[in-house]
Amino acid sequence: MKKGKSTYQFHINVDPNLAQQAIMNWLGANGFDLKEKDGNHYYQYYDPVIGRRLFEYYIQPGMVTINAYIGKYKKPYLLDDSFAGSVPKSAYKQTLAPLFQTLASYNAPGNGAPAHPGTGNPAVPYNVQPYASDASAGAQPPVGNYEDFANATNKSHEKLAVAGFVLSIFGLLLSLLGITYGIIIYMLEFYFAACGIKTRKKGLAIATFVLAGLSIVILAGLIFLQALV
């Protein structure tokens, strides 16, 4: 995997606070926590199976800049299209998509265009604290709300849960025949199950954990028996 932070920029023609509120809603809906390192602020989502997703945002008049990456704050990896780490990178980019669509809508009459992934070093953040909306403010474009972002993420994770369940059934059948399809596929099964564990497909996610674990036990048992022969 290539080191660096994938940088995306969006031109906006709205109150910067509106863009910030959308970002804060997205962060909250996706379980990101505010972190601080060496005086710098960033947001992180961490799961033992899914791994770390890191996020920084910077708002200047007319522009929103976002740095998104996996790994660690001091050891970031780009969200590129390379094979290494392709599953967590692809899943993170799918999670980012609803936010990017919302930010793009804040540039009328055109659309905000994400920059190509690269190493970014934007200016000082406009504000990293949650923005309290003012009910007396004039009409503004709709903010990407928490519920919409949460629903989009849940739907994506539900699809992964179904995919993981299908893979686990296939893997179990192969294991009964003494065939293994590689450690990477088993890792995918556990990864997809972890993504779906907090969705309405929780039952499928749990079943995937059980079936994948059973497949590994069966294969390990067969290997052990072959070693005794």
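Look a little higher up for the structure.
**Overview of helix 3 (residues 146-176)**
- Over its 31 residues, helix 3 extends 45 Å from the first C-alpha to the last, a length consistent with the 45 Å expected when each residue adds 1.5 Å.
- The positive-phi residue at the C-terminal boundary of helix 3 is Gly 178, with phi of around 80°.

**Examining the environment of Asp 148**
- Following the sequence through the fold, Asp 148 ends up in helix 3.
- Residue class for Asp 148 comes out partly exposed when judged on its relative accessible area of 47%.
- Once the C-alpha coordinates of Asp 148 and Asn 25 are considered, the two residues, 123 residues apart in sequence, prove to be 9.3 Å apart.

**Re the packing of helix 2 (residues 86-104) against helix 3**
- At a minimum axis distance of 9 Å, the contact between helix 2 and helix 3 shows a crossing angle of 150°. As judged from the angle between their axes, helix 2 and helix 3 are roughly antiparallel. Where helix 2 crosses over helix 3, the handedness of that crossing is right-handed. For the pair formed by helix 2 and helix 3, the contact residues are Gln 94, Thr 95, Pro 98, Leu 99 and Thr 102 on the first element and Phe 149, Ala 152, Thr 153 and Ser 156 on the second.

**Some points on the nonpolar core**
- Ranked by size, the top nonpolar core spans 41 residues in total, and within it Ile 23, Trp 26, Phe 55, Tyr 92, Leu 99 and Leu 103 carry the most contacts.
- Elements with a contribution of two residues or more to this core: strand 1 (6-11), helix 1 (16-29), strand 3 (40-47), strand 4 (51-60), strand 5 (63-72), helix 2, helix 3 and helix 4 (183-196).
- With eight residues, helix 1 is the largest single contributor of residues to this core.
- Once residues lying within four places of it in the same chain are set aside, the contact partners of Ile 23 are Phe 55, Tyr 57, Ile 59, Val 64, Leu 99 and Leu 103.

**Things to note about the side chain of His 157**
- Along the chain, His 157 falls in helix 3.
- Residues contacting His 157, with those up to four places away along its chain left out, are Arg 53, Cys 195, Gly 196 and Thr 199.

**As for the environment of Ile 169**
- Mapped onto the elements of the fold, Ile 169 is located in helix 3.
- Spatially, the C-alpha atom of Ile 169 lies 6.8 Å from that of Leu 211, the residues being 42 residues apart in sequence.

**Details of the pattern of salt bridges**
- Under the criterion given, the structure shown has five salt bridges.
- One salt bridge connects Glu 56 with Lys 5, and the closest N-O pair in it is separated by 2.8 Å. One end of the pair, Glu 56, is in strand 4; the other, Lys 5, is in the segment before strand 1, and 51 residues separate them in sequence. Judged on exposure class, the residue Glu 56 and its partner Lys 5 are both buried.
- Lys 74 serves as the salt-bridge partner of Asp 38, at 3.1 Å between the closest nitrogen and oxygen. A residue pair is termed long-range when its members are at least 10 positions apart, and Asp 38 in the loop between strand 2 (33-37) and strand 3 and Lys 74 in the loop between strand 5 and strand 6 (75-77) qualify at 36 residues. One exposure class covers both Asp 38 and Lys 74, and it is exposed.

**A look at the packing of helix 3 against helix 4**
- Their axes nearest at 7 Å, the elements helix 3 and helix 4 cross at an angle of 145°. The chirality of how helix 3 crosses helix 4 is left-handed. Contacts from His 157, Leu 160, Ala 161, Ala 163, Gly 164, Leu 167, Ser 168 and Gly 171 in helix 3 reach Ile 185, Tyr 186, Glu 189, Phe 192, Cys 195 and Gly 196 in helix 4.
- In terms of residue class, the contact of helix 3 with helix 4 is made up of eight nonpolar, five polar and one charged.

Procedures and definitions
- Residues numbered from 1 in each chain as written.
- Predicted model: local features only at pLDDT ≥ 70, side-chain atom pairs only at ≥ 80, totals over all residues.
- Heavy atoms only, no water.
- Helix = DSSP H or I, 4+ residues; strand = E, 2+ residues; numbered from the N terminus.
- Expected span 1.5 Å × (residues − 1).
- Buried < 20%, exposed > 50% of the residue type's maximum accessible area, 1.4 Å probe, protein only.
- Axes fitted to C-alpha atoms, helices over the stretch in contact; angles between N-to-C directions.
- Parallel < 35°, antiparallel > 145°, perpendicular 65-115°, else oblique.
- Left-handed = near helix turned anticlockwise from the far one by under 90°.
- Contact = heavy atoms within 4.5 Å.
- Core = buried A, V, L, I, M, F, W, Y, C linked by side-chain atoms within 4.5 Å.
- Salt bridge = Lys/Arg side-chain N within 4 Å of Asp/Glu carboxyl O.
- Nonpolar A, V, L, I, M, F, W, Y, C, P; charged D, E, K, R; others polar.

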